[in-house]
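Summary of structural features
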Amino acid sequence: MARPAKSEISTKTTTASPIDLFQGETPPSHVSGESTSEIPAIERSTSGDGVAPSNIVSKEDEEERLELAERAQRPIHRRPSPWWILSTIFLASVVGSTTWAPRIDIYTRLACEALQTESETLSIYETTNWMWRKLPLPSKSCSQDAGIQASVAGFITVMTVASGFLTCVTAGWWGQLSDRIGRTRVMAISSIGILVGDLSFIFVPQATGLLPGGYRFLVVGPVISGLLGGMTTAFSTGHAYVSDTTSPETRSRNFALNIGLVMCGAAFGPAFGSSLIRATGDLLSVFYIALITHVLFIMLVAFVIPESLTKSSMRKARNRREALQQVDNATNKIASNQPRWAVVKWRSSVLFGKLLVPLKPLAIFAPHIRADGKGKDYNLLFLVLAVCTHSLVFGVHALKFQYVQKMFGWDSSTTGYWLTAVSSIRSIYLVLILPTIIQLFKPKAAQPVRVLISEEEPLHSEAMETTPLIRSPSRARAASSHVATFDYKLTLTALIIEFTSYIAVCFSSTAPQFTVATMIGGFGAGFGPAVKSVALALYEQGPQQGLETGRLFGALSVAEAASNQIIGPALLGFIYIMTVDQFPKGFLVATTILIGCAIALMLLIRLSPQPRKVATDREEAAVQ
């Protein structure tokens, strides 16, 4: 087709494949049942260092701009802002981290009671009837017993894998759903799953003899949490909220603050939890605090925090979803008229496709043609493999608690103080040091060009002065290549520091040496925020061009959930169970190797010297 003059406006009806629909194409007219509406073309001219949009935009873009302008006029407490997440994440982290170490002691205590190895074993009456009781710390003879260690490690592995599998299956779906119904609703739903986990830790120890499986009934909490997306979905949706409300040049800094505040909470939480347990003599006391706090957090997210996505953006995501469903329905209708053997073959392929639905979000990381047309771009694939390899390491945290119990005789109180020390280093680095480095040395991204609504609109007006600070979530801007390169270097530096820390941990033989070695690893905490910023930059340069960032974070959450909640715990837990008697450091050596593999995968990434031209597929089709 010949390219029309720039002054022309394309009004031709376009068709789209299912893949095109994900990329913002207009649904085909034979599927929707009616001709597609005429959409004005968006003229774009490239000059110098950027792509300048014309003064003609689609109706959807105009609605979104007007909605963003209306947001800018709201009182500050009703405007979406990354500070809604950054201000609440600290308290959520404090409360959540108070339960980390006590969980291991609860598992150990209940396992000792079940195996009749604890000297304070309850009577038959107490274990077969409902009773509200305190749950004291297990004795050292129990916590250091190799059989109990192996039993607890096996149970933790089963719980983590069950929760991780369900999270892996549902996280991508929840991430895409957040593009259609909003970030805050999905965060509230996933937080309900976390709340159910708190309830299970409070009620199961009260009636272990009445529940099927005894203390193993604790697995119900993680299962429900996994179905609702769990902590993975809550954090990934929070990252999407931050991404919606920040610009590319400040994105990694806000991600660093986000994770840094999590670490700040993790620094205060374990010490607070340890003090509370010592004061009350009850391992369950921290879960009462967590239960109340999570109820308040759900109410805050559901009724107070403003939604980051605009209504027009969510409507466009829903329209794309409906168009895909219409394509599927049309395909089903056509297939039903085919010969029987063809129908059976087609239905078999559909069934196989449905079995792979949980992995469908990962298709976003598939290699694609480079912007210059020279070969395929594997950057996102290498990045997600590096993230997965690094996420395997998260399966080591619960094993570390058992390791220090066995090697150094620490209880949950001592473990809590160690967590506070390590988390303090991480929080100081993420909240103070890393943001300062980013502020001083990170290059500034190019400013986006303002879209005018009509030719009569002046180049400078009061409307421009009141332009909202929030970037349009549905039209992400491509970050400059030098900005992405800076984040990439931060990612590599963090991995190298973490690799060095684990080498030191492997060679540590005393509690002080172990503590210092793990504290060094705190300076490698920049991997999380930096790699997410790199992922966004690569995503914006790809064929999706930054549309629906919830899909990206949902896909990352699927990959991370599969690694840190299924493969990692199973792999490292198996190594620990097999080596706990002869070589307890075996899982630490395996962890060091995994970090080295993550470094190698990140080195395979080649950043593009020029970002892809920012334009949606529909816009490019309109000007052809």
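These numbers come from a predicted model, not from an experiment.

About the criteria used
- Residues numbered from 1 in each chain as written.
- Predicted model: local features only at pLDDT ≥ 70, side-chain atom pairs only at ≥ 80, totals over all residues.
- Heavy atoms only, no water.
- Helix = DSSP H or I, 4+ residues; strand = E, 2+ residues; numbered from the N terminus.
- Buried < 20%, exposed > 50% of the residue type's maximum accessible area, 1.4 Å probe, protein only.
- Areas by Shrake-Rupley, 256 points an atom, 1.4 Å probe, with all protein chains shown as cover.
- Disulfide = S-S within 2.5 Å.
- Salt bridge = Lys/Arg side-chain N within 4 Å of Asp/Glu carboxyl O.
- Expected span 1.5 Å × (residues − 1).
- Polar contact = N/O pair within 3.5 Å; in protein donor to acceptor, adjacent residues only side chain to side chain.
- Core = buried A, V, L, I, M, F, W, Y, C linked by side-chain atoms within 4.5 Å.
- Contact = heavy atoms within 4.5 Å.
- Patch = residues over 30% accessible without salt bridge, like charges linked within 9 Å, V, L, I, M, F, W, Y side chains within 5 Å.
- Phe/Tyr/Trp six-rings, centres within 6.5 Å; stacked < 30°, edge-to-face > 60°.
- Axes fitted to C-alpha atoms, helices over the stretch in contact; angles between N-to-C directions.
- Parallel < 35°, antiparallel > 145°, perpendicular 65-115°, else oblique.
- Left-handed = near helix turned anticlockwise from the far one by under 90°.
- pLDDT = per-residue confidence, 0-100.
- Nonpolar A, V, L, I, M, F, W, Y, C, P; charged D, E, K, R; others polar.

Turning next to the overall build of the protein chain. For the protein chain, the count of helices and strands is 25 helices and four strands. When each of the 624 residues of the protein chain is scored for burial, the buried share is 54%. Accessible surface, the protein chain: about 27700 Å² in total, of which carbon and sulfur atoms supply 64%.

Moving on to the state of the cysteines. One pass over the full model with this rule turns up one disulfide. Residue Cys 112 pairs covalently with Cys 142 via a disulfide, S to S 1.4 Å. With Cys 112 in helix α5 (residues 100-115) and Cys 142 in helix α7 (residues 140-143), this residue pair connects regions lying 30 residues apart in the sequence. Here Cys 112 matches Cys 142 in class, with each residue buried.

Okay, the pattern of salt bridges next. Evaluation of the coordinates by the stated rule reveals seven salt bridges. Salt-bridge contacts for Arg 183 lead to Asp 244; the nearest nitrogen and oxygen are separated by 2.8 Å. Of this pair, Arg 183 sits in helix α9 (residues 183-203) while Asp 244 sits in helix α11 (residues 230-244), placing them 61 residues apart in sequence. Pair check on accessibility: Arg 183 and Asp 244 agree, each one buried. Lys 532 is the partner of Glu 560 in a salt bridge, and the nearest nitrogen-oxygen pair spans 3.7 Å. In this pair, Glu 560 is assigned in helix α23 (residues 549-579) and Lys 532 in helix α22 (residues 527-541), connecting sequence segments 28 residues apart.

The next thing to look at is helix α18 (residues 412-441). Counted at 1.5 Å a residue, the expected span for α18 with its 30 residues is 44 Å, and the 41 Å between its end C-alpha atoms agrees. For α18, the N-terminal capping position is held by Asp 411, with its side-chain oxygen 3.1 Å away from the main-chain nitrogen of Ser 413.

Compared with an ideal rise of 1.5 Å per residue, which puts 15 residues at 21 Å, α22 spans 21 Å between its outermost C-alpha atoms and is within 8% of the ideal. In terms of residue burial, α22 counts as a mostly covered element, since 15 of its 15 residues are buried.

With that settled, consider the nonpolar core. Residues Ile 106, Tyr 107, Leu 218 and Phe 587 are the most contacted members of the largest nonpolar core, which totals 50 residues. When residues no more than four places from it in sequence are discounted, the contact partners of Leu 218 are Tyr 107, Leu 110, Phe 155, Met 159, Ser 200, Phe 201 and Val 204. By size, the runner-up hydrophobic cluster in this structure holds 39 residues, among which are Leu 383, Ala 494, Ala 535 and Leu 556.

Let's shift gears to a nonpolar patch on the surface. On the surface, Ile 292, Val 295, Leu 296, Met 299, Phe 303 and Val 304 cluster together into a nonpolar patch covering about 620 Å² of accessible area. On the secondary structure map, Ile 292 appears in helix α13 (residues 285-303).

For the rest of this paragraph, the subject is the packing of aromatic side chains. Taken as a whole and judged by the stated rule, the model has 18 aromatic pairs. Consider the rings of Tyr 403 and Phe 408, whose centres lie 6.2 Å apart with planes at 85 degrees: the pair is edge-to-face. The class for Tyr 403 is buried, based on a relative accessible area of 2%. Through successive ring pairs, a cluster of aromatic residues spans Phe 401, Tyr 403, Phe 408, Trp 410, Trp 418, Phe 514, Tyr 576 and Phe 587.

It is worth spelling out the environment of Arg 315 at this point. Positionally, Arg 315 belongs in helix α14 (residues 311-335). For Arg 315, a relative accessible area of 34% gives the class partly exposed. Once the C-alpha coordinates of Arg 315 and Ile 181 are considered, the two residues, 134 residues apart in sequence, prove to be 8.6 Å apart.

Taken N-terminus to C-terminus, the directions of α5 and helix α8 (residues 146-181) make an angle of 120 degrees; their axes are 10 Å apart at the nearest point. Judged by the inter-axis angle, α5 sits oblique to α8. At the point where α5 passes α8, the crossing takes the right-handed sense. Listed contacts from α8 to Ile 104, Tyr 107, Thr 108, Ala 111, Cys 112 and Leu 115 of α5 are Ile 148, Ser 151, Val 152, Phe 155, Ile 156 and Met 159.

Before going further, it helps to spend a moment on the environment of Ala 494. Structurally, Ala 494 can be placed in helix α20 (residues 481-507). Sequence separation between Ala 494 and Gly 522 is 28 residues; the distance between their C-alpha atoms is 9.3 Å. When sequence neighbours within four positions are dropped, the list of residues in contact with Ala 494 reads Gly 524, Gly 526 and Phe 527.

All right, on to the side chain of Glu 560 then. Assessed through its relative accessible area of 19%, Glu 560 is described here as buried. The contact partners of Glu 560, leaving out residues within four places of it in the chain, are Val 387, Ser 391, Lys 532 and Gln 565.

Let us look at the confidence of the model for the protein chain. It should be kept in mind that the predicted coordinates are not to be read in detail where pLDDT is low. In this model, the protein chain carries a mean pLDDT of 76, and residues with pLDDT of at least 70 account for 76%. Here helix α1 (residues 18-22) is the element of the protein chain with the lowest mean pLDDT, 34, and helix α24 (residues 586-603) is the one with the highest, 94. Note that residues 117-128 has pLDDT below 50 and, in this model, 19 contacts with residues that lie over four places away or in other chains. Segment residues 611-624: pLDDT under 50, and 53 contacts once partners within four positions in sequence are set aside and those in other chains are kept.

Right, let's get into the environment of Ser 225. The topology assignment puts Ser 225 in helix α10 (residues 220-227). Note: C-alpha distance between Ser 225 and Gly 197 (28 residues apart in sequence) is 6.7 Å. With near-sequence residues (within four places) excluded, Ser 225 lies in contact with Gly 193, Ile 194 and Gly 230.

A separate point is the packing of α18 against helix α21 (residues 511-520). With their axes 8 Å apart at the nearest point, α18 and α21 run at an angle of 30 degrees to one another. Compared by their axis directions, α18 and α21 come out roughly parallel. When you trace α18 past α21, the crossing you get is right-handed. Mapping the contact onto sequence places Trp 418, Ala 421, Val 422 and Ile 425 in α18 and Phe 514, Thr 515, Thr 518 and Met 519 in α21. Each residue belonging to the contact of α18 with α21 can be placed in one class, and the counts come to six nonpolar, two polar and no charged.

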